[in-house]
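Next come the chains, spelled out residue by residue.
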Amino acid sequence: MDFGPFDGNVVVLDTETTGVSFKNDELTQVAAARMEKGEVVDWFVTFVNPGKPIPEEVVHLTHIHDEDVADAPTPQEALAALVEFVGDATVVAHNANFDCTFTTRHPEGYPLLENLWVDSLDLARISLPQMKSHRLVDLVKAFGAPVSTHRADDDVAATCALFRILLAAVSQMPPMLVVKIASLCPVEEWQTGAVFQYFASCGERTPFSLRQLRKDALKGVDLTPKRNIKSIMEEGPVELQFPTEEEIAAAFAPNGLLSRIYPEFEPRSEQQQMAQAVRSAFDQGTNLVVEAGTGVGKSMAYLLSAAAVARDNNITVGVATKTNALLDQLVYKELPALTAAMTAVNPEAPEVTFAPLKGFSHYVCLWKLEQLVSDGARLVNVHNREVSQAPSMAALLSFAEQSDFDDMDTLKIDFQTTPRYSFTTASHDCLRHKCPYFNGKCFVFGARARAAASHVVVTNHSLFFCDLSHDHSLLPPSAYWVVDEAHGAEAEARRALSSDLEVGPLRRTARHLASTERRRSLFDRIVKAAIPAGKEEASSLLYGLLEKAREASQLYSQAVDEYAKSLRGLLFFDESRRSKSYETVEIWLNDDILGSYTFKDVKEKGLALNEAVERLIMRSQDVVAYLDELDGCEGVQRELASVVLDLKCVVSTCEILFKTMSDRYVYSAFLNRKEDKGTDKLEAQLFNVGGYLDEILYPDLNSVVYTSATLTVDGTFQSFCDAMGLNTSPSSACQTLELPSSYDFDHRMTIYVVKDLPEPSAPAYLDQLATFLAQAHLAQGGAMLTLFTNRREMERCFETVAPALKEEDLRVVCQKWGVSVKGLRDDFVADEHLSLFALKSFWEGFDAPGATLKGVVIPKLPFSKPSDPLSCERANRDDNAWKRYVLPAAVTEVKQAAGRLIRRATDEGAVILADSRVASKWYGKVFQRSMPSRNIKVMTRTEILEELAAAAQARREGPGDGAA
């Protein structure tokens, strides 16, 4: 293929540096390759002496050592040579801003600012928007290009191969879309746009239509819904088909259905027990709670029954998971394998269909995207640098063209230039039937239609519980649900069912209506759309309506400012205000605070805000009604109608926060200690989630199955059942089933309880903990995961442990601010000797099977903060609140954390509970009795270190047959 100016005089460039700070870091290597017609014809490669030591983590990543660069050219010398090599060529780089900034920091590199820079990362994100990762290493794996190794020369070779692939991908995009992307902004503002301008000049110039783009993307999509089982059952008894016990047993037999999915499948009695229990619950119309230990295979145990019931009755069965990561695993891995096996076993039966479904914010709003694009790409100041919105807009448009109803969770764009709220919407914001994309093109409602047309819908906890407060309008009708990872269900339900009044969104609405920037002011755009030039005098009625709406908007804006100012007064009740530890504080609004003059002022300002909102709604509705009579105003009318819907939600929240304050809720304030950043808010959380579910959820369903590896505390389901409102009425009656792990935890996991460390509140605790952690890592030989509850304590310990490990050639990394969680996970799994200090995001859902993880350390029991508003409210209402709520929650978290160690049958290692309260306090026995392993040793630090060292020595000498 001929790619015109991008087929010759192109230089592909990459740099390695001592870090990512443009101000403080320096080059360590520069590589460049000249390409002609897709072939590399010349190379430029040099190490660079940065004039400073190369950090250890950079050495580990790039394998460039201080001795490699000791005699290398200075940055200035290397850049002068690079400029001569590049000449007037087009420069291509993956994440071009990084390389451009580092190569033009010194005067010797300034000439490169005159070159055209094309970013292959932008091209990848735009032409291949549905790829889960656009990192160079992942792209070359996908296309079989040379492997990226984080050395500049290897990365250049990889980018050379990738560049033409990306050009070919751009050439295959619809001409209408390419032309639109080319017109988003001048090349001076986004140089990669030159690629699209070239391809736009080669093809036909069809007028751009996002609606036509979506229409073409959705050809052949079938959205015929399944039977509405709820409606059918309302009409009278209905006979449904359920799999028999024999059919379930056959599926889990040695040569059964599951053996088609897993070639090395070995029947597990626990898995079959769970599958039979789920089948029975669905058949009998009862609720079920199952604790299934690691290795049971609970996903397939419930998916088989769910899929069979849905297929045989042509209905939809729902599955709700805690995280979207698990949701994606079910939808893109386990369900495809299961349905393929079911079809192979019974080719005459209908093929099982399935679909994911997430909340509004996970989908692109086409109406908002159309408005965003019509406004044109702007330059946005990001960290004192002007960055164009064009690449983000281009990626969004390409995603809309290449997707049917996919969520945008894997879409990689610059959210600093193009915030999510600018192209997503919320349920109360959605225009629904008034939107031109509603009928068949909308991502959200298309995803819902696809879910209703599927046998199995997989969603997350948040949407599952939000559906309850939206009259069951968010999810397809289903009488049978499985809630996986249910240990987090109560907390997620509470989040989903809470209400808050945050300052930032209120201010955004005010700016939306009457921005000082005329093209962004909705009222000004209404005038432009509704009143033709020269006809101003004939439109006095509209001018009058708009003037009243503007006045109402100004009063609303003033009321928002007064409300925001009043919230700051609540900082008086911040009992930890002398502490500088955290920038934000959450304050429980107890009866004393609610009765104070300070809160009375907040309430007064809140009621005034409510009044201003109601006035603005009325005035805006008058404008909306008037625009009904005018041609060409559909767009601005819909936009103003959307604002009205948003404002009505504010009225509903004000009702809960200021008018009908009820003991159904826990009231709190979330404030920034230093300044008003727009994040200040009042919140009302549902106090008794279980009571609400018993009232709203269970009477509406035939069966709910809750399952997780961590539902029992001290051998009982009582805490979970109470939290979820089970066994409190006939419709919430449930059965329970506790299944141990299919793995030999007692033999493969040793749990050490440290008995001689000071308690966490003691002054000497942190120093002694850090010393012990260093000793434990050295004894174990690394490969440890230490899970903290407090960032500052983690960073203090890291300062002690990291240098001690470095002396023995071991590495530990820390989950510091701004560090990519995914990057830490990938690095930890890839390096068998690496250790990690991490926070709550690693306590559950993190798998590191095999030798990469030999030990998990929990320095402190994860009790909720005494100042947590919900804990305070519970303690105020219940003298046994700590034992009834706080203790079970902490036990569940520790069980989840311990579960990180054993992820497959051959894994082994140690869990260290370094909080001595597990040995000394009465509740310590509750933790011990709840652990997945009975191999528990209460020891001194010295004794534990001796056992860790002995186990490490045994591993070095040869394969053993047990844990530490």
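Residues numbered from 1 in each chain as written. Predicted model: local features only at pLDDT ≥ 70, side-chain atom pairs only at ≥ 80, totals over all residues. Heavy atoms only, no water.

**Remarks on the domain arrangement of the chain**
Then, number 1: Split into domains, the chain comes out as domain 1 (4-172), domain 2 (500-687) and domain 3 (749-957).
Then, number 2: The distance between the C-alpha centroids of domain 1 and domain 2 comes to 48 Å. (Domains from an automatic or database assignment.)

**Regarding the sheet that holds strand 16 (residues 681-686)**
Then, number 1: On the basis of which strands lie adjacent, the open sheet formed by 4 strands has the order 13-16-15-14 and antiparallel pairing. Unpaired on one side and paired on the other, strand 13 (499-502) and strand 14 (584-588) mark the two borders of the sheet. Ignoring which end each strand starts from, the neighbouring axes of this sheet average 20° apart.
Then, number 2: Bridging between strand 15 (residues 665-672) and strand 16 involves 6 bridges; their strand directions are antiparallel. Opposite S668, over in strand 16, you have E683 as the bridge partner.
Then, number 3: Contacts from helix 34 (residues 869-877) reach strand 14 and strand 15 within the one sheet, and its direction differs from that of strand 14 by about 20°. (Pairing = 2+ DSSP bridges. Helix = DSSP H or I, 4+ residues; strand = E, 2+ residues; numbered from the N terminus. Axes fitted to C-alpha atoms, helices over the stretch in contact; angles between N-to-C directions. Contact = heavy atoms within 4.5 Å.)

**Describing helix 38 (residues 941-957)**
An α-helix turns once every 3.6 residues. As a result, residues three or four positions apart point the same way.
Then, number 1: Relative to the 24 Å expected for 17 residues at 1.5 Å per residue, helix 38 spans 24 Å between its end C-alpha atoms, a close match to the ideal helical length.
Then, number 2: All of the buried residues along helix 38 are R941, I944, L945, L948, A951 and A952. Burial along helix 38 is one-sided: seen end-on, the buried residues are contained in an arc of 130°. Every exposed residue of helix 38 that faces more than 90 degrees away from the buried side is listed here: T942, E946 and E957. (Expected span 1.5 Å × (residues − 1). Buried < 20%, exposed > 50% of the residue type's maximum accessible area, 1.4 Å probe, protein only. Arc of directions from axis to C-beta.)

**A word on a nonpolar patch on the surface**
Then, number 1: Side chains of V40, W43 and V45 sit close together on the surface and give an oily, nonpolar patch of about 240 Å² of accessible area.
Then, number 2: For V40, the position within the fold is in strand 3 (residues 39-47).
Then, number 3: Among the residues examined, V40 registers a relative accessible area of 35% and is labelled partly exposed. (Patch = residues over 30% accessible without salt bridge, like charges linked within 9 Å, V, L, I, M, F, W, Y side chains within 5 Å. Areas by Shrake-Rupley, 256 points an atom, 1.4 Å probe, with all protein chains shown as cover. Salt bridge = Lys/Arg side-chain N within 4 Å of Asp/Glu carboxyl O.)

**Digging into the environment of V59**
Then, number 1: Along the chain, V59 falls in helix 1 (residues 56-62).
Then, number 2: A relative accessible area of 16% means that V59 is categorised as buried.
Then, number 3: Considering only alpha carbons, one finds V59 and K677, 618 residues apart in sequence, at a separation of 39 Å.
Then, number 4: Leave out the neighbours within four places in its chain, and V59 touches I54, I64 and H65.

**Some remarks on the packing of helix 17 (residues 366-375) against helix 18 (residues 390-402)**
Then, number 1: It is the contact of helix 17 with helix 18, at a shortest axis distance of 11 Å, that shows an interaxial angle of 140°. By the angle between their directions, the pair helix 17 and helix 18 is classed as oblique. Once helix 17 is placed against helix 18, the crossing between them reads as left-handed. Of helix 18, the residues touching helix 17 (which contributes L366, L369, L372 and V373) are M393, L396, L397 and A400.
Then, number 2: Among the residues forming the contact of helix 17 with helix 18, the class breakdown is 8 nonpolar, no polar and no charged. (Parallel < 35°, antiparallel > 145°, perpendicular 65-115°, else oblique. Left-handed = near helix turned anticlockwise from the far one by under 90°. Nonpolar A, V, L, I, M, F, W, Y, C, P; charged D, E, K, R; others polar.)

**Regarding the packing of aromatic side chains**
Where two aromatic rings form a pair, the distance of their centres and the angle of their planes describe that pair.
Then, number 1: Within this structure, the stated rule accounts for 30 aromatic pairs.
Then, number 2: Ring geometry for F360 and F445: centres 6.1 Å apart, planes at 80°, overall edge-to-face. Separated by 85 residues along the polypeptide, F360 in the loop between strand 8 (354-356) and helix 17 and F445 in helix 19 (residues 443-452) bring together distant segments of the chain.
Then, number 3: We note R211 situated over the ring of Y437; from NZ or CZ to the ring centre the distance is 5.6 Å. (Phe/Tyr/Trp six-rings, centres within 6.5 Å; stacked < 30°, edge-to-face > 60°. Lys NZ or Arg CZ within 6 Å of the ring centre and 35° of its normal.)

**Here we look at the sheet that holds strand 1 (residues 10-17)**
Then, number 1: Strand order in the open sheet formed by 5 strands is 3-2-1-4-5, and the pairing between neighbours is mixed. Only two strands of the sheet have a single neighbouring strand rather than two, namely strand 3 and strand 5 (117-119). Strand-to-strand twist across the sheet, computed as the mean angle between neighbouring axes with direction ignored, equals 25°.

**Quick notes on the pairing of strand 15**
Then, number 1: The buried fraction of strand 15 is high, at 7 of 8 residues.
Then, number 2: The pairing of strand 14 with strand 15 spans 5 bridges and is antiparallel. Residue pairing in the sheet places E586 in a bridge with F670 of strand 15.

**Some thoughts on unusual backbone geometry**
Then, number 1: Non-glycine residue D471 carries a positive phi angle of around 55°.
Then, number 2: Mapped onto the elements of the fold, D471 is located in the loop between helix 20 (461-466) and strand 12 (480-483).
Then, number 3: Residue classification places D471 among the exposed residues on the basis of a relative accessible area of 70%.

**As for the nonpolar core**
Then, number 1: Core analysis: the largest hydrophobic core is formed by 170 residues, its most contacted members being F196, L369, Y556, L570, L682, L693 and Y706.
Then, number 2: Looking at this core element by element, the count peaks at 12 residues for helix 27 (residues 634-659).
Then, number 3: With sequence-adjacent residues up to four places away left out, Y706 is seen in contact with L288, V289, V290, V483, A486, L693, L697, Y698, L711, F720, M724 and L726.
Then, number 4: Core analysis: the second largest hydrophobic core is formed by 50 residues, I229, L288, A310 and V458 among them. (Core = buried A, V, L, I, M, F, W, Y, C linked by side-chain atoms within 4.5 Å.)

**Concerning the environment of Q685**
Then, number 1: Along the chain, Q685 turns up in strand 16.
Then, number 2: You can call Q685 buried: its relative accessible area is 14%.
Then, number 3: Each C-alpha atom, one on Q685 and one on L870, is 8.1 Å from the other, the two residues being 185 residues apart in sequence.
Then, number 4: Apart from residues no more than four positions distant in its own chain, Q685 is found in contact with R494, S498, R664, Y665, V666 and S668.

**Section: the pattern of salt bridges**
Then, number 1: Taken as a whole, this structure holds 44 salt bridges when the rule is applied.
Then, number 2: The salt bridge partner of R105 is E26, with a shortest N-O separation of 3.4 Å. One end of the pair, R105, is in the loop between helix 4 (96-103) and strand 5; the other, E26, is in the loop between strand 1 and strand 2 (27-36), with 79 residues separating them in the sequence.
Then, number 3: By relative accessible area, E26 is classed as buried at 8%.
Then, number 4: Between D524 and R550 there is a salt bridge, with the nearest N and O atoms lying 2.8 Å from each other. Within this pair, whereas D524 is found in helix 23 (residues 522-530), its partner R550 is found in helix 24 (residues 540-568), the two being separated by 26 residues in sequence.
Then, number 5: Residue classification places D524 among the buried residues on the basis of a relative accessible area of 13%.
Then, number 6: By relative accessible area, which is 23% here, R550 ends up partly exposed.

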